[in-house]
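Report on the structure
One-letter residues, chain by chain:
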Amino acid sequence: MELYLIRHGIAAERGTYHNDRERPLTKIGHEKTSKVAKELQKRGLHFDLILTSPLVRAKETAAILQDVGLGSLVEESESLAPEGDIHQWLSWLQQRWRKTNAQRRLALVGHQPDLANWAEMLVWGVSNQKLVLKKAGVIGLKLPNTGKPFGRSELFLLTSPKWLL
């Protein structure tokens, strides 16, 4: 299974909204994220499911991916909110999706440092907080078809938007 970890686009500054969960993408964030999504689509990428953090900036990023044609199904997951629980997400993956979709592509839209830390855990088994995922950046992982993916996944893509545009 291919897993794509996608950080939300450029959002309004922290502190500009009473509730951080409500911070939207900026105009530049929308534009840059759209360009990244179109470039991914040009390269033939398509997701069978886009799972997104429930925060506004992530949901808007997922909607852009969907609008460009990168996937038609979008679902929210609290596991992808800041400081989300990778174990909770893995439980979802094992129970609801992975058994019948071993050869498919799944996109997770979320936040830094969580997505980068999750990538480290999946590839190396631990997080040393060394990977940085830029806004609208993408990490691609190949997860093993059976068993727990910690320390057994393969990193095949780590790119910032600058390298895609």
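Residues numbered from 1 in each chain as written. Predicted model: local features only at pLDDT ≥ 70, side-chain atom pairs only at ≥ 80, totals over all residues. Heavy atoms only, no water.

Named according to an unreviewed UniProt entry, the protein chain is Phosphohistidine phosphatase, SixA originating from Moorena producens 3L.

Looking at the packing of aromatic side chains
Spelled out, the test is: In this scheme Phe, Tyr and Trp rings, the latter by its six-membered ring, pair at centre separations within 6.5 Å, and the angle between planes marks the pair as stacked below 30 degrees, edge-to-face above 60, and tilted otherwise.
Enumeration over the complete set of coordinates arrives at three aromatic pairs. Clustering of aromatic rings is evident, with ring pairs tying together Tyr4, Phe47 and Phe156.

Re the pattern of salt bridges
What counts is decided by this rule: Salt bridges, as used here, are contacts in which a Lys or Arg side-chain nitrogen is within 4 Å of a carboxyl oxygen on Asp or Glu. The numbering of helices and of strands both runs from the N terminus, where a helix is a DSSP run of H or I of at least 4 residues and a strand a run of E of at least 2.
According to the stated counting rule, one finds seven salt bridges in the structure shown. In this structure, the salt-bridge partner of lysine 59 is glutamate 76, at a minimum N-O distance of 3.5 Å. Of the two residues, lysine 59 is situated in helix α2 (residues 56–68) and glutamate 76 in strand β3 (residues 74–76); the sequence distance between them amounts to 17 residues. Counted as one network, the salt bridges with shared partners bring together Asp20, Arg23 and Arg57.

Re the UniProt feature "binding site: substrate" (unreviewed entry) in the protein chain
How we decide: UniProt positions are given in the numbering used here, feature names are shortened, and annotations may be inferred rather than shown by experiment. To sort residues, take the accessible area from a 1.4 Å probe on protein chains only and compare it with the maximum for the residue type: under 20% means buried, over 50% means exposed, and anything in between is partly exposed. Residue contacts are counted whenever heavy atoms from the two residues lie within 4.5 Å of one another.
Per the UniProt record, "binding site: substrate" (unreviewed entry) is found at Arg57. Among the secondary structure elements, arginine 57 is positioned in helix α2. Its relative accessible area of 3% is what places arginine 57 among the buried residues. Once you skip the residues sitting within four places of it in the chain, arginine 57 turns out to touch His8, Ala11, Asp20, Arg23, Pro24, Leu25 and His111.

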